[in-house]
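Architecture at a glance
Listed below are the residues making up each chain.
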Amino acid sequence: MFSTFISLALVAASTFAAPAPAFPAPPTGLSRPAAGKLTCSVADAKLVLPAGQTALTAPTDPTSFVILGVGIQNYTCTDAGVYTSAGAVADLYDLSCLSKITPIFNTVQDLAYAAWKIMPASVKTPGGSPLMGYGFLGSHFFVTSPSGTGISPVWDYRAGSAKGNADAFVLAAKVGNIAAPTGSKDVDWLQLKSVQGSLATQIYRTDTRGGQPPASCKPGSAPISVKYVSKYWLFGGSVKV
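Residues numbered from 1 in each chain as written. Predicted model: local features only at pLDDT ≥ 70, side-chain atom pairs only at ≥ 80, totals over all residues. Heavy atoms only, no water.

**What about the side chain of Ser161?**
- Among the secondary structure elements, Ser161 is positioned in the loop between strand E4 (151-156) and strand E5 (169-178).
- At 3.0 Å, the side chain of Ser161 and the backbone oxygen of Leu137 are in polar contact.
- Apart from residues lying up to four places away in sequence, Ser161 is in contact with Leu38, Phe136, Leu137 and Val241. (Helix = DSSP H or I, 4+ residues; strand = E, 2+ residues; numbered from the N terminus. Polar contact = N/O pair within 3.5 Å; in protein donor to acceptor, adjacent residues only side chain to side chain. Contact = heavy atoms within 4.5 Å.)

What follows is the structure, given as structure tokens:
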């Protein structure tokens with residue numbers, strides 16, 4: 001089962017001539033949500049943070065959602081000739097049913113990133129299409145911060161799996177960050193806390209792949225978008241889907 005899943009991802013990653021390569025099919029044995037639900041239980045899913053660091057602390061609230069984010073990190077070029085973050089846009093897919101298949105759950109970000117990298121540059125996000133058979137939950141994006149200065153990240157199910165629930169989002173503020181354990185090519189791991197919304201009280205970005213800009217740029221050059229994938233862990237939410 002696992003070797004078949006890996007093979008599907010490798011085939012997709014090697015098909016550079018294909019105009020719109022498909023994501024791999026879901027593995028056999030995948031759990032299914034209970035009747036009337038869109039997600040499986042995440043009671044056994046455990047967030048593991050790197051040892052020896054203090055910037056990210058363990059969550060204190062129950063796990064609500066385990067998500068795969070697939071999208072882009074946006075950057076603008078400063079007068080100093082370096083890129084600065086201009087937020088991100090991503091589609092969010094449910095990983096709860098996959099969390100019980102440990103070998104695949106631990107590497108799903110690699111498989112998704114391999115497929116996502118070779119999609120045409122004109123495709124900015126998968127657009128809500130089924131990613132490896134897992135349910136589309138919602139979107140991740142940035143808005144103007146409540147203070148009116150800067151931008152804040154949002155995870156939003158209101159147009160996806162929780163239509164009609166006005167509180168099915170979370171606008172968050174960063175608590176801490178660490179460099180990705182996998183290296184400088186991958187965006188930081190993050191811990192955030194809720195400012196508005198009921199989707200979560202605590203949010204973590206982990207297992208990042210890609211998303212980092214070039215080291216320098218020519219002042220005045222156009223903004224860029226860099227593809228990335230990550231897991232998002234949401235804790236303490238009251239929203240059900």
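**Description of the pairing of strand E6 (residues 189-196)**
- Note that E5 and E6 share 7 bridges and pair antiparallel. The residue of E6 that forms the bridge with Lys174 is Leu192.
- In this sheet, strand E7 (residues 202-210) lies alongside E6 in antiparallel orientation, the contact comprising 4 bridges. Bridge pairing in E7 places Leu190 opposite Arg205.
- Hairpin connection between E6 and E7: a loop of 5 residues separates the two successive antiparallel strands, and Gly197 in this loop has a positive phi of roughly 95°. (Pairing = 2+ DSSP bridges.)

**Comments concerning the packing of aromatic side chains**
- Summed over all chains, the structure comprises 7 aromatic pairs.
- Considering the side-chain rings of Trp155 and Tyr232, the 5.5 Å spacing of their centres and the 70° angle between planes classify their relative orientation as edge-to-face. Pair noted here: Trp155 is in strand E4 and Tyr232 is in strand E8 (residues 224-235), with a separation of 77 residues, a long-range link. There is no split in this pair, since Trp155 and Tyr232 are both buried.
- Ring geometry for Trp233 against Phe235: centres 6.5 Å apart, planes inclined by 10°, an arrangement best described as stacked. Comparing Trp233 with Phe235 shows no difference in burial state: the two are buried.
- A connected cluster of aromatic rings, assembled from ring pairs, spans Phe105, Tyr204, Trp233 and Phe235.
- Just above the ring of Phe169 sits the side chain of Arg158; from NZ or CZ to the centre is 4.3 Å. (Phe/Tyr/Trp six-rings, centres within 6.5 Å; stacked < 30°, edge-to-face > 60°. Buried < 20%, exposed > 50% of the residue type's maximum accessible area, 1.4 Å probe, protein only. Lys NZ or Arg CZ within 6 Å of the ring centre and 35° of its normal.)

Remember, this is a structural readout, not a statement about activity or role.
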